[in-house]
Amino acid sequence: MASHEDVERRAALKKRLLEARPAFGALVAAMPDEDLGRPRSRCGSCGHPIGALENVPLVSYAVLRGRCSACGTPISPRYPAIELLTGLLFAAVAWRYGLGVPMFASLALVAGLVALTFIDADAMLLPDAITLPLLWVGLLVAAFGGFVSLHDAVWGAVAGYLSLWSVFWLYKLATGKEGFGYGDFKLLAALGAWFGWQAILPIVLLSAGVGAVVGVTLIVAGRKTMASRLPFGVYLAPAGVLMLFAGPRVIDLILPTIGQ
Ligand SMILES: [Zn+2]
C-alpha cells in the first residue's frame, strides 16, 4: 500500500512535470529542422520533387535510365547501389530468420544501420531520428524475449553509451579536441541494447581496428590529416550488421574469454 507521503510526493512530481511541459515544447520548437522525412526528396540539380513513382527502389532508377525526369541530370549510381545493398541484406535477414517478429525487428535494424552508415559518411552526423528509435526498439525486442535478455540489453545500452562518452571526455581533456560525436555514443548504446553488454567491446575493437586501417590509408594517400575527425558511425553501424548475422562467432573470435 502506498503511504500518504508517497501519494503526496507523486502528486507533487506530476504537478512539476505538467508545469515543465511548456518548457519542453519550447525546447522542441527550438530544435534544428532535422526531420528526415520532410521536405520531400528533390532532384539535387533542378529541385524537381521526387514523386512516389520515381522513388521505387532500383526500378525507378532503371526506368528513368539514371536521369532526373525533369532536367535529365544524371542521378548518382550510389542511390541504386545503396538500395541494392539494402535489398540484399533484407533478403539475407528473411532467409536467416523466416517470417516472424525477429525478422521484422532485424529488418528495421538493418535499414537503420545502412542509413546511418551513409549519412555519417556524407554529413558526419548520426541523426537522433534514427539512433534513438533503434535504441528503444532494441530494448523492446529484448523485453519480448528477442536476441538477448532484457538484463544484458539494458547494461549493453549503458555500457555502449558510457564507454564512448568516457573516451570522448578523456581525449577532449587531454588534447582539447573532440574525437567523435554524441551520435556515436547513442549508436553504440543502441547496438548494446540489441546485442547485450558482451558485444560492446568486440564491436568497438572491430570498428576501431577497421577505422584505424582506413584512416591511416587515407592519411598516407593524403586525403585526410591526423586532425580530421573520425566518422566512427561509418564503422560502428556495419559492425552492428555483422553482429546480427554472426554475433556469437564474432565475439568468440575477438574475445575468446567472454564468448559464450
Ligand atoms: Zn532534375
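Details of the structure are given in the entry above.
Residues numbered from 1 in each chain as written. Predicted model: local features only at pLDDT ≥ 70, side-chain atom pairs only at ≥ 80, totals over all residues.

Asker: Sorry, what's going on with the overall build of the protein chain here?
Answerer: When you go through the protein chain residue by residue, the secondary structure sums to nine helices and zero strands. Shown N-terminal to C-terminal, the secondary structure of the protein chain runs as helices and strands in the order α-α-α-α-α-α-α-α-α. Across the 260 residues of the protein chain, 28% fall into the buried class. In the protein chain, once contacts between residues fewer than 6 apart in sequence are set aside, the share between residues at least 24 apart is 64%. (Helix = DSSP H or I, 4+ residues; strand = E, 2+ residues; numbered from the N terminus. Buried ≥ 20, exposed ≤ 12 C-beta atoms within 10 Å, placed from the backbone. Contact = placed C-beta atoms within 7 Å.)

Asker: Sorry if this is basic, but what is going on with unusual backbone geometry here?
Answerer: The general pattern is negative phi for most residues beyond glycine and trans for most peptide bonds. Residues other than glycine seldom take positive phi values, yet L58 does so here, at roughly 65°. By secondary structure assignment, the location of L58 is in the loop between α1 (4-30) and α2 (59-63). Positive phi values are uncommon outside glycine, yet M124 reaches one of about 50°.

Asker: Is there a simple way to think about helix α4 (residues 101-123) in this case?
Answerer: Residue pairs spaced three or four apart in an α-helix point in one direction, given the helix's 3.6 residues per turn. With 23 residues, α4 should cover 33 Å at 1.5 Å per step; its first-to-last C-alpha distance of 32 Å lies within 8% of that length. Looking only at α4, the buried set comprises A105, S106, L109, V110, G112, L113, L116, T117, I119 and D120. Tucked inside the fold, the buried residues of α4 contact α3 (78-97), α5 (128-143), α7 (182-195) and α9 (233-254). Positive backbone phi, at 50°, marks M124, one or two positions downstream of α4. (Expected span 1.5 Å × (residues − 1).)

Asker: Is there a simple way to think about the packing of α4 against α9 in this case?
Answerer: Pairs of packed helices are described in terms of their axes, by the angle between the two and the distance that separates them. Where α4 meets α9, the axes come as close as 8 Å, and the angle between the chain directions of the two elements is 160°. With respect to each other, α4 and α9 are oriented roughly antiparallel. In the packing of α4 onto α9, the handedness of the crossing is left-handed. On the side of α4, the interface is formed by S106, L109, V110, L113, L116, T117, D120 and A121, while α9 contributes G233, V234, A237, P238, G240, V241 and L244. Here the residues of the contact of α4 with α9 are counted per class, giving ten nonpolar, four polar and one charged. (Axes fitted to C-alpha atoms, helices over the stretch in contact; angles between N-to-C directions. Parallel < 35°, antiparallel > 145°, perpendicular 65-115°, else oblique. Left-handed = near helix turned anticlockwise from the far one by under 90°. Nonpolar A, V, L, I, M, F, W, Y, C, P; charged D, E, K, R; others polar.)

Asker: Honestly, the environment of A115 in this entry has me stumped. Any pointers?
Answerer: Examined against the element boundaries, A115 turns out to sit in helix α4. You can call A115 partly exposed: it has 18 C-beta atoms within 10 Å. Remark: the alpha-carbon pair of A115 and T86, spanning 29 residues in sequence, is separated by 9.2 Å.

Asker: Just to check I follow, could you spell out the environment of T117 for this structure?
Answerer: Mapping T117 onto the fold places it in helix α4. Residue classification places T117 among the buried positions, given that 22 C-beta atoms sit within 10 Å. When the C-alpha positions of T117 and Y235 are compared, they lie 7.5 Å apart, and in sequence the two are 118 residues distant.

Asker: I'm lost on the nonpolar core in this one. Help?
Answerer: As a rule of thumb, nonpolar side chains are buried together in soluble globular proteins. L188, L191, A193, I203 and L236 are the most contacted members of the largest nonpolar core, which has 48 residues in total. If you list the elements that add at least two residues to this core, you get α3, α4, α5, α6 (150-175), α7, α8 (200-220) and α9. Residues in contact with L191, not counting those within four places in the same chain, are G160, A199, I203, L236, G240 and M243. (Core = buried A, V, L, I, M, F, W, Y, C linked by C-beta atoms within 7 Å.)

Asker: Please explain α5 as it appears in this structure.
Answerer: Here α5 contains 16 residues, and its C-alpha end-to-end distance of 22 Å stays within 8% of the 22 Å for a straight helix at 1.5 Å per residue. Contacts from the buried residues of α5 go to α4, α6 and α7. Looking one or two residues beyond α5, the residue adopting positive phi is G145, at roughly 80°.

Asker: In this structure, what is going on with the packing of α4 against α5? I would like to understand it.
Answerer: Between α4 and α5, the shortest axis-to-axis distance is 10 Å and the interhelical angle comes to 155°. In terms of axis orientation, α4 runs roughly antiparallel to α5. By crossing handedness, the relation of α4 to α5 is classed as left-handed. Taken together, the residues of α5 that come into contact with α4 (itself represented by A105, A108, L109, G112, A115 and L116) are I130, L134, V137 and V141. Residues that form the contact of α4 with α5 fall into these classes: nine nonpolar, one polar and no charged.

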